[in-house]
Amino acid sequence: MKNLTGLRAGIVAGIVSFFMPTATGLADNHNHDNTIIFVSGPSSEPFFGAIEKGFTLAVEQLGANGEYVAPAGWNDIVQTYTRFVEVAIAREPAAIVIGNFFPESLTPLIQEAREKDIAVVLYNSGRDNWQELGATAFIGEEPFQMGYVAGKAAHKNGVSNGICINQIAANPVLQLRCDGYVAALEEAGGQGDTLILQSEDSNNSQRVRATVRGILLSNPDIDGILTLAAHLGVDAVEAVADADKADVVRVGTIDLSNLALELIREGRMDFAIDQQPFLQGYYGVLLAQQHLDFGLAPTNAMNSGPLLIDSSNVNDVLAVGSRFPGVRGAN
Amino acid sequence: MTTPLISLKNVTKSYSGMIALSGINIDTYPGEIHCLLGDNGAGKSTLIKIMSGVVQPTSGEVYWKDKSVHFKSPKEAQDLGIGTVHQDVGLIPMMSVARNFFLANEPTKGWGPFRRIDHSKAREISISRIKSMGVSREIAADQLVGTMSGGERQAIAISRAVYFGARFLILDEPTAALGVKESSVVIDLVKQTKSTGTGILLITHNATHALSVGDRFTVLTQGQVVDQFKRGERTREQLLDLMSGGVKVESVLNGR
Amino acid sequence: MELGYLLRQTWFGAFLAAIFVYIFFAFFGGANGFTSIGGTAGWLNTAAELGIIAVPIGLLMIAGEFDLSTGSVVGAASIIVAMCTSFFGFPVIVGIFLALAMGVGVGLFNAALVHKTSVPSFIVTLATNFIVAGTALALSRVLSGSSTVSIPDAGWAEVVFATRWNQMYISIIWWIAATALATWVLKATPFGNWIFAIGGSNDSAQRAGVPIWRVKRLLYVWTGVSAALVGVMTAIQFNQGNAVAGQSYVFQTAIAAVIGGVLLTGGFGSVIGVVFGCIIYGTITIGLFYTGWPTDWSQAFIGSLLVVAVLANNAIRDFALKSKN
């Protein structure tokens, strides 16, 4: 019954607004209801699938008026994501939850949203300056830290010459993770380098394995690999085996997949750095809703990662994954 | 005697050793229809290519109004007044009559960056020219050529060639793809064009059509002229025999 | 007669589809503000950026050729502007000039390659797309160490390329200008006549004396420069150059042209149709947003529409060629 009334109201509003575009345009200002628009990343990525699970659960538990929008793929992600945020702001909701993935283009938009009195909650990226920008809260990783923790863990496992494989050259977040990895290795007296993988090849396991194998054979000094996506970590482990270097080259990855977790349990992979995307989706909504309802927000950035997953805790993570598929960002 | 328009003197053409034409002599005159007959592979298309400047003869001379000419490109032949209407007519089906008529010769008005096609002029001229060919059906200048019949397309192509200065027209199998009724329309077009003093080379393998309009005739077989004659000198049966591969060529020639 | 006239216009199907799509989203998204100024700005901005490239792509497709290299030209142009201004410290005009010159160069390269190899332009320009994208990525990483370079301040160029008014970007004005120019060329000039003729029948056009390679070369340069212009625009709007950006334009521009009634095999189409094609694209991608439905569906919408568009265009063309007057 509620749905029917809603539909009728929608139809009437649709017709009215169609014939009187400017009138509704002006009337838009009081459209400050309690809508929370969550602008997420490509749905094809299990990582963002976990964010969506967190989002959905939060909306359900809190009874929030949340909307989840996401681009279909990685193509032109800077432009697409920026446009999505632009349009979200144009709708003048009560709050937007976004990642400050691309500071150059998103920073002015965050300021614009604040000028329009739209609350902004940042997730995943943007830890450095969320308070200066007037954001309500921040939940997420710091990309440099993600790589840095990975570099530390790799060093502990005896890696002195590691490469970081970046599969999306355009993504500054991924670049920063690699920088963190290299920095941690160099701090410990080792060395590190970044390798760019053609992004259209990154979903082709055969191609990735052949490439990594080629790199290992032509650079015999390399004794560590960090990948920035779990499926690439799996490919890297296979490539290491192909090159007959399983006892020399240690592999670690950022983000999770069930396969990667299995490899960690078997001891073929050393670690996975988790940023717990589910929490970013869940807390993104929660932080926005509590701010809208009560004006409350944490005073510091909230950390959802880096969380180091290695042989010591991998079984617990796998157990959760089998009970609640997708929640750990792994499938 | 009038000066011939285009003449070939002892023209031979060979492609990497294969002889396509040998020892060809042809004279064409203004206001006359010269029919070129022959089966497929007789060398008709090579002859057209030589006359329209697409290829140069291996040996022999091409004359235009008694002056030796060496065409380096079809454009040079066109500039002298040699127009060619190919079997596919060379019109663009998805374009209007007027746009087709003036393709690559668009009338313009205005100057500099504001130079633009004078559409009203293009419409007016194209329609009046096509009508003067005796096309009976009402034709609109904005009509797409693709909606028109084969005969009407021939009318557009021929009137276009004549309007842009063709004194001599090469018509390549204009009736080949047409039905009986449309063919007769085209034959009328050819006669109409001839009456304006234009010289015409009509390529065909339809003896009936040829005999009904031709003033002079050349029959080609395997790259050689097997017979040349004037209107009335051969019967339809003789002509058919000549064209059917030269079996009776000797007897015909000897019997002369 | 009037209806018959409309049914024979290449843009009419796209026009009806644009109206339908707009009403559809006004109906389901109007309550959320799809028809407000902000919502209108959203789809107009999207359509404009696409349209600046799609309009010349439409002309090229009418002439029977493809250009799938525009995507990487967008990215390359943006990184050129960014590197010139931020990294080398040149005045912004130098970066813009070099970016547009790169667009000209890619256009000339495409035309020469298509001409010399006689390989279908679909393949040749796709190859160019990879060459340009790879070169841009490699050079930017060698020179600046990164594939993205930020532009802190573009000065006067911000006014020309990134002015925003009620959330509408100045790119809409550029789009209108590009549309007006292309419409004029296609409808009013001999050059436009040649474009149709080449696409209708390359041989016939050549025999009639149309300089086909001069025409194609100019059209390739036109698409190249337009893509570079969009690259400059996005760089200055987003305050950063990104060497690998722009790939979504590769097929979106061709799709917009086809939805807009341009025949895939050439010879038939209109600029205004392409404009409607871009509006449809913009309306769907942004409109879904306002319905609150999962945005995952937008590609399925576009794909379905593409099928419908191609079928409708075939019907319109057949109708145009059958009807006498």
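Residues numbered from 1 in each chain as written. Chains lettered and ligands numbered in written order. Predicted model: local features only at pLDDT ≥ 70, side-chain atom pairs only at ≥ 80, totals over all residues.

**Structural notes on the overall build of chain A**
The helix and strand inventory of chain A stands at 12 helices and 12 strands. Partitioning the contacts of chain A with sequence separation of at least 6, the portion at a separation of at least 24 is 73%. (Helix = DSSP H or I, 4+ residues; strand = E, 2+ residues; numbered from the N terminus. Contact = placed C-beta atoms within 7 Å.)

**Structural notes on the sheet that holds strand β3 (residues 95-98) of chain A**
Residues and elements named next belong to chain A. With respect to topology, 6 strands assemble into an open sheet ordered β2-β1-β3-β4-β5-β11, the strand pairing being parallel. Two strands in the sheet have a free side with no partner beyond their single neighbour: β2 (65-69) and β11 (302-303). Pairing between strand β1 (residues 35-39) and β2: 5 bridges, direction parallel. In the strand pairing of β2, Phe38 is matched with Tyr68. (Pairing = 2+ DSSP bridges.)

**A few points about the interface of chain C and chain A**
Contacts between the two partners involve 41 residues from chain C, matched on the other side by 32 residues from chain A. For the side of chain C that touches chain A, the elements supplying multiple residues, two or more each, are α2 (12-29), α3 (37-62), β1 (148-150), β4 (240-242), α13 (271-291) and α14 (298-322) of chain C. Top contributing element to the side of chain C that touches chain A by residue count: α3(C), with 7 residues. When grouped by side-chain class, the residues that make up the side of chain C that touches chain A number 14 nonpolar, 26 polar and 1 charged. (Nonpolar A, V, L, I, M, F, W, Y, C, P; charged D, E, K, R; others polar.)

**Description of the arrangement of the chains**
Summarising the chain contacts, 2 pairs of chains touch, and the pair with the most contacts is chains A and C. At the level of C-alpha atoms, the two units chain A and chain B stay apart, their nearest approach being 36 Å.

**Regarding the packing of helix α4 (residues 77-90) of chain A against helix α5 (residues 103-115) of chain A**
Residue and element names in this part refer to chain A. Here α4 crosses α5 at 5°, and the two axes come no closer than 10 Å. With respect to α5, the axis of α4 lies roughly parallel. Here α4 contributes Val78, Thr82, Val85, Glu86 and Ile89 to the contact with α5, which in turn contributes Ser105, Leu106, Leu109, Glu112 and Ala113. When its residues are assigned to classes, the contact of α4 with α5 shows 6 nonpolar, 2 polar and 2 charged. (Axes fitted to C-alpha atoms, helices over the stretch in contact; angles between N-to-C directions. Parallel < 35°, antiparallel > 145°, perpendicular 65-115°, else oblique.)

**Concerning the domain arrangement of chain A**
Along its sequence, chain A is carved into domain 1 (29-141 + 277-300) and domain 2 (144-274 + 312-318). Residue composition of the side of domain 1 of chain A that touches domain 2 of chain A, grouped by class: 5 nonpolar, 1 polar and 1 charged. (Domains from an automatic or database assignment.)

**A short note on the interface of chain B and chain C**
With 19 residues of chain B in contact, the opposing surface of chain C contributes 22 residues. The class makeup of the residues in the side of chain B that touches chain C is 10 nonpolar, 5 polar and 4 charged.

**Here's the deal with unusual backbone geometry**
Residue and element names in this part refer to chain A. In this chain, Gly305 is followed by Pro306 through a cis amide linkage whose omega measures 0°. The residue Gln276 is not glycine, and still its phi comes out positive at about 50°. Relative to the helices and strands, Gln276 resides in the loop between β10 (271-274) and α11 (277-294).

**Some points on the nonpolar core**
In terms of nonpolar packing, the biggest core is built from 243 residues, with A:Ile96, A:Val121, A:Val285, C:Val232 and C:Ile280 touching the most fellow members. Here this core gets 15 residues from one element, more than from any other, and that element is α3(C). Those residues in contact with A:Val121, other than ones at most four positions away along the chain, are A:Ala95, A:Val97, A:Ala135, A:Thr136, A:Ala137, A:Gly284, A:Leu287 and A:Ala288. Membership of the second largest hydrophobic core comes to 47 residues, among which are A:Ala150, A:Val240, A:Ile254 and A:Met269. (Core = buried A, V, L, I, M, F, W, Y, C linked by C-beta atoms within 7 Å. Buried ≥ 20, exposed ≤ 12 C-beta atoms within 10 Å, placed from the backbone.)

**Regarding the sheet that holds strand β9 (residues 250-254) of chain A**
Residues and elements named next belong to chain A. Spatially, the 6 strands line up as an open sheet ordered β7-β6-β8-β9-β10-β12, and their pairing is mixed. Since the sheet does not close on itself, it has two edges, and those belong to β7 (191-196) and β12 (307-309), each with one partner. Taking each pair of neighbouring strands and ignoring which way they run, the sheet shows an average axis angle of 20°. Helix-sheet contacts for helix α10 (residues 258-266) involve β9, β10 and β12, and the interaxial angle to β10 is about 135°.

**Observations concerning the packing of α3(C) against α13(C)**
All names here are of chain C. Two numbers describe how α3 lies on α13: the axes approach to 8 Å, and their chain directions differ by 145°. Two packed elements cross with a definite hand, and for α3 against α13 that hand is right-handed. Of the residues contributing to the contact of α3 with α13, the split by class is 14 nonpolar, 10 polar and no charged. (Left-handed = near helix turned anticlockwise from the far one by under 90°.)

**Details of the pairing of strand β8 (residues 224-227) of chain A**
Residue and element names in this part refer to chain A. Neither face of β8 is left uncovered, since the one carrying Gly224 and Leu226 and the one carrying Ile225 and Thr227 both have all their residues buried. Here 4 bridges tie strand β6 (residues 161-166) to β8, and the two strands are oriented parallel to one another. Within the sheet, the bridge partner assigned to Cys164 lies in β8 and is Leu226. Alignment of β8 against β9, held across 4 bridges, turns out to be parallel. Of the residues in β9, the one forming a bridge with Leu226 is Gly252.

**Overview of α5(A)**
For α5(A), spanning 13 residues, the distance from its first C-alpha to its last is 18 Å, which sits close to the expected 18 Å at 1.5 Å a residue. Inspection of α5(A) places A:Glu104, A:Ser105, A:Leu106, A:Ile110 and A:Ala113 among the buried residues, and these make up the whole buried set. In this structure, the buried side of α5(A) is in contact with α4, β3 and β4 (119-123) of chain A together with β1 and β4 of chain C. Positive phi shows up at A:Asp117, right after α5(A), with a value of about 70°. (Expected span 1.5 Å × (residues − 1).)

**With respect to the confidence of the model for chain B**
Residues and elements named next belong to chain B. Looking at chain B as a whole, its pLDDT mean stands at 88, while 95% of the residues score no less than 70. Confidence over residues 248-256 falls short of pLDDT 50; this stretch has 7 contacts with residues more than four positions distant or in other chains. Complex prediction metrics read pTM 0.81 and ipTM 0.85. (pLDDT = per-residue confidence, 0-100.)

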